[in-house]
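Observations on chain architecture
What follows is each chain in one-letter form.
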Amino acid sequence: ANTWYGGGAHVESESEVRFINCLFVDNTAGQSNSGGGISTGSSSNSQIYNCTFNGNESVYGTTGGALRFADSSSGFILNSILWDNLPDEISAPVGNTALAMFSDIQGGWGEPAHNNIDANPLFVPGLHGNNHFLAHIATGSFLNSPCIDAGNANASSVCFSVGEVDDCLDNYTTRTDGVFDTGT
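Notes on the structure in this doc start here. All values derive from a computational prediction rather than experimental measurement.

**Let's talk about the packing of aromatic side chains**
In the structure shown here, the tally under the stated rule is three aromatic pairs. Ring geometry for F24 versus F53: centroids 4.7 Å apart, planes at 5 degrees, classification stacked. One end of the pair, F24, is in strand 4 (residues 23-25); the other, F53, is in strand 8 (residues 52-54), and 29 residues separate them in sequence. F53 matches F24 in its accessibility class, with the two residues each being buried. Between Y49 and F76, the aromatic rings sit 6.1 Å apart at their centres with planes inclined by 65 degrees, giving edge-to-face as the arrangement.

What follows is the structure, encoded as structure tokens:
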């Protein structure tokens, strides 16, 4: 998508939004102070779980290519990949917060205790040529992506309410071995 503010999504007006198992690929934001993947503002809160951001761009080159947190907004990023976005991956100027854990973020982000890595995720083409799948020896690749088995093993403890039902991230994995990957 090519939009004025958030290229893939724009979160505003004290909203609280959860993005789960999403791909934000090749989006462009055309306004300054906007994120190529997601742009947030006006005291909003975004929670991002098991998402991949790749090839997004903020055209003016002054803000986060993947994520931009502005105007007293905040974000929590878990088990996600932010790679090859321009001009950088995350922008959270003073007064905004972005906490990332168990994620692969190009250029690094956060404290060592947050278990983030800064390693090429080794995307490989899928059936339709999309480069958001991870290299895995078990599927014929020569290498394993560093994101395989690098996610938070406690995904069953990351829960949220859907109506009157509590749902946890362990219900959203495509893995069958019980070990969580980073990204979708």
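**Re the sheet that holds strand 7 (residues 45-49)**
Taken together, four strands build an open sheet; the order of strands is 3-7-11-14 and the sheet is parallel. Taken across any chain shown, the strands that pair with only one partner, and hence form the sheet edges, are strand 3 (16-20) and strand 14 (97-101). The mean angle between the axes of side-by-side strands here comes to 10 degrees, regardless of whether they run parallel or antiparallel. With five bridges joining them, strand 11 (residues 74-78) and strand 14 adopt parallel strand pairing. Directly across from F76, in strand 14, lies its bridge partner L99.

**Topic: the nonpolar core**
Burial of nonpolar side chains together is a common tendency in soluble globular proteins. Core analysis: the largest hydrophobic core is formed by 18 residues, its most contacted members being F19, I38, F53 and L67. Setting aside residues no more than four positions away along its own chain, L67 makes contact with I38, I48, F53, I77, L82, E89, I90 and S91. Listed in part, the six residues of the second largest apolar core include I81, W83, C147 and I148.

**A look at the sheet that holds strand 8**
Read across the open sheet, the four strands follow the order 4-8-12-15; overall the sheet is parallel. Across the chains shown, the open sheet's two edge strands, defined by having one partner strand only, are strand 4 and strand 15 (104-105). In this sheet, strand 8 lies alongside strand 4 in parallel orientation, the contact comprising three bridges. Within the sheet, the bridge partner assigned to V25 lies in strand 8 and is N54.

**Overview of the pattern of salt bridges**
Within this structure, the stated rule accounts for one salt bridge. Close ionic contact of E16 with R18 constitutes a salt bridge, the shortest N to O distance being 3.8 Å. Classification of R18 by relative accessible area gives partly exposed; the value is 36%.

**Re unusual backbone geometry**
For the peptide bond that leads from L86 to P87, omega is 5 degrees, which places it in the cis range. If you check the backbone angles, D26 has positive phi at about 60 degrees while not being a glycine. Relative to the assigned elements, D26 resides in the loop between strand 4 and strand 5 (28-29). Residue D26 is classed as exposed on the basis of its relative accessible area, which comes to 53%. Phi angles above zero are rare outside glycine, and N79 is one such case at about 55 degrees. Mapped onto the elements, N79 comes out in the loop between strand 11 and strand 12 (81-83).

Parameters at a glance
Residues numbered from 1 in each chain as written. Predicted model: local features only at pLDDT ≥ 70, side-chain atom pairs only at ≥ 80, totals over all residues. Heavy atoms only, no water. Phe/Tyr/Trp six-rings, centres within 6.5 Å; stacked < 30°, edge-to-face > 60°. Helix = DSSP H or I, 4+ residues; strand = E, 2+ residues; numbered from the N terminus. Buried < 20%, exposed > 50% of the residue type's maximum accessible area, 1.4 Å probe, protein only. Pairing = 2+ DSSP bridges. Axes fitted to C-alpha atoms, helices over the stretch in contact; angles between N-to-C directions. Core = buried A, V, L, I, M, F, W, Y, C linked by side-chain atoms within 4.5 Å. Contact = heavy atoms within 4.5 Å. Salt bridge = Lys/Arg side-chain N within 4 Å of Asp/Glu carboxyl O.

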